[in-house]
Amino acid sequence: MNLKLENKKAFISGSTSGIGFAIAKTFAQEGAEVILNGRKESTIEAAINKLKSEVPDAKVSGLTADFSSAESVEKLLNDIGQIDILINNVGIFASQQFADTTDEDWQRMFEVNVMSGVRLSRKVLPNMLEKNWGRIIFISSECAMLVPEDLIAYSATKAMIQAISRGLAQTTKGTAVTVNAVLPGSTLSQGAERFLKGAAEQQGITEKEVADNFFKDVRTTSLLQRFATTEEVANTVVYLSSPLAAATNGAAIRVDGGSVPGII
Ligand SMILES: NC(=O)c1ccc[n+]([C@@H]2O[C@H](COP(=O)([O-])OP(=O)(O)OC[C@H]3O[C@@H](n4cnc5c(N)ncnc54)[C@H](OP(=O)(O)O)[C@@H]3O)[C@@H](O)[C@H]2O)c1
């Protein structure tokens, strides 16, 4: 399937590794131009080199910005220029009891997970509407719907970005711009790999056993019963970003391995 992305330019927040990098790589494989983002020049440079080694003809550049700092984002907004596709991917989480989650924890998660997408969308959506084409995707999470007790603040930020995504979609009525949210389930990003490695060492079992136990004891509703690969999430995101997905707008698409129960 040709996704018709050859002349499109995409910015992906938080894309030097994890799901963001997989999205960037899939865009590059489809011939789109990509702008990577992370907090440091060094990780961006390493990610650009990795992408070019995996996709030799990739059109790729990078912009640093730390989404926990409004000033840093201000600079990014001045530098970002015209883009066709915005992937609001950056997101942080911490497994914490509600009673232990401080105001600062809430504020930091709100700033990175919510305001990143608000500020970027506010900047690029008017241009997209003016030229009558554009795609904005918010990377939410199964947690927006499952709300695990140790991830209440994180889940709240993800529920919030789904409301923002739907509301923005409603402002695109009658145009060829779309705004959608994607809800990944447990995905094997580098962060998840580190978690499995650490837990395996701590418990004296293999990483596979830790992963199997996670789905047996914690994410029991998963139908997939394994971590998704970052590429499996990226495939859906890149398809939704393509001209082929023109009729999907204001939607929340699950790539959660079936973990959210229910028929819609
Ligand atoms: N992995 C999962 O199981 C899962 C499940 C559901 C939803 N999600 C969502 O999917 C998205 C990506 O998740 P992931 O697991 O791939 O994340 P990740 O591996 O933790 O993401 C790391 C990336 O985020 C960047 N980053 C972190 N903090 C940043 C900040 N303050 N400013 C700018 N960049 C920052 C890092 O850049 P540098 O280190 O280079 O600065 C790196 O590129 C998130 O929104 C997450 O909530 C993930």
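Counting of residues starts from 1 at the beginning of each chain's written sequence and follows it residue by residue. In view of the model being predicted, local features appear only for residues whose pLDDT reaches at least 70, and side-chain atom pairs are presented and counted only at 80 or more, with totals across whole chains, interfaces and linings using the full set of residues. In computing side-chain values, all of the structure's heavy atoms are included and hydrogens and water are not.

Enquirer: Before we go on, may I ask you to explain empty space enclosed by the protein in this structure?
Expert: Gaps between atoms show up when a probe of the same size as a water molecule is rolled over them. Here a cavity means grid points, on a 1 Å grid over the protein atoms only, where a 1.4 Å probe fits yet cannot get out; a pocket means an open set of points with protein on both sides within 12 Å along at least five of seven lines; lining residues are those with an atom within 4 Å of a point. Grid points are joined across faces, edges and corners, and a volume is the space filled by probe spheres set on the points. For the coordinates displayed, the defined rule picks out 2 cavities of 30 Å³ or more. Put simply, the largest cavity is a space of about 40 Å³. Considering the residues around the largest cavity, the lining is formed by Glu 142, Gly 185, Ser 186, Phe 215, Arg 219, Ser 222, Leu 224, Arg 226, Asp 256, Gly 257 and Ser 259. Taken together, the residues that form the lining of the largest cavity break down as 2 nonpolar, 5 polar and 4 charged. In terms of domain composition, the lining of the largest cavity takes at least three residues from each of domain 1 (9-186 + 229-255) and domain 2 (188-227). Put simply, the second largest cavity is a space of about 30 Å³. Lining the second largest cavity, in full, are Ala 94, Gln 96, Thr 101, Met 109, Asp 150, Leu 151, Ile 152, Ala 153 and Tyr 154. When residue character is reported, Ala, Val, Leu, Ile, Met, Phe, Trp, Tyr, Cys and Pro are called nonpolar, Asp, Glu, Lys and Arg charged, and the others, Gly included, polar. Split into classes, the residues belonging to the lining of the second largest cavity amount to 6 nonpolar, 2 polar and 1 charged. These domain limits were set by an automatic method or by a database of domain assignments.

Enquirer: Explain unusual backbone geometry to me, please; I cannot follow it from the model alone.
Expert: The backbone of Lys 4 shows a phi angle near 55°, a positive value even though the residue is not glycine. Secondary structure is summarised from DSSP: a helix means a run of H or I of at least four residues, a strand means a run of E of at least two, and numbering begins at the N terminus for each. As for its placement among the helices and strands, Lys 4 is situated in the segment before strand E1 (9-12). If you check the backbone angles, Asn 132 has positive phi at about 60° while not being a glycine. Note that Asn 132 resides in the loop between helix H4 (103-131) and strand E5 (134-139).

Enquirer: When you look at the packing of aromatic side chains in this model, what are you seeing that I'm missing?
Expert: The geometry of an aromatic ring pair is captured by the separation of the ring centres together with the interplanar angle, meaning the angle of the planes. Ring pairs shown here join Phe, Tyr and Trp side chains whose ring centres sit within 6.5 Å, with only the six-membered ring taken for Trp; geometry is labelled stacked below 30 degrees between planes, edge-to-face above 60, and tilted in between. In the structure shown here, the tally under the stated rule is 5 aromatic pairs. Each ring, one from Phe 215 and one from Phe 227, has its centre 5.2 Å from the other, and the planes form 80°; the classification is edge-to-face. Of this pair, Phe 215 sits in helix H8 (residues 207-218) while Phe 227 sits in the loop between H8 and helix H9 (230-240), placing them 12 residues apart in sequence. The rule is simple: take the accessible area with a 1.4 Å probe, protein chains only, and divide by the maximum for that residue type; under 20% is buried, over 50% is exposed, in between is partly exposed. Relative accessible area serves as the criterion here: at 4%, Phe 215 is assigned to the buried category. For Phe 227, a relative accessible area of 13% corresponds to the buried category. Here the aromatic residues Phe 214, Phe 215 and Phe 227 are joined through ring pairs into a cluster of three or more. Here, over-ring charges are defined by two tests on the NZ atom of lysine or the CZ atom of arginine: distance to the ring centre within 6 Å, and angle to the ring normal within 35 degrees. We note Lys 8 situated over the ring of Trp 133; from NZ or CZ to the ring centre the distance is 3.9 Å.

Enquirer: Would you mind going over the domain arrangement of the protein with me for this structure?
Expert: Often the size quoted for an interface is simply the accessible area lost on bringing the parts together. In terms of domains, the protein is made up of domain 1 (9-186 + 229-255) and domain 2 (188-227). Each of domain 1 and domain 2 was reduced to a C-alpha centroid, and the two centroids are 25 Å apart. Two residues form a contact once any of their heavy atoms are found within 4.5 Å. Taken residue by residue, the interface counts 9 residues in domain 1 and 9 residues in domain 2. Summing the contributions of domain 1 and of domain 2, the shared interface buries around 700 Å²; its carbon and sulfur component is 49%. Salt bridge, as used here: a side-chain nitrogen of Lys or Arg that lies within 4 Å of a carboxyl oxygen of Asp or Glu. Taken together, the connections running from domain 1 to domain 2 amount to 2 salt bridges. Two residues, Glu 142 and Arg 219, come together in a salt bridge whose shortest N-O distance is 2.9 Å. As used in this structure description, the phrase polar contact means that two N or O atoms lie within 3.5 Å; if the pair is within protein, one of them must be able to donate a hydrogen and the other to accept it, and residues adjacent in sequence are counted only when both atoms belong to side chains. In this structure, the connection of domain 1 to domain 2 is made through 3 residue pairs in polar contact (both at pLDDT 80 or more). Looking at the side of domain 1 that touches domain 2 residue by residue, the classes come out as 2 nonpolar, 5 polar and 2 charged. Accessible-area loss on putting two parts together, using a 1.4 Å probe and summing over both, is the definition of buried area adopted here.

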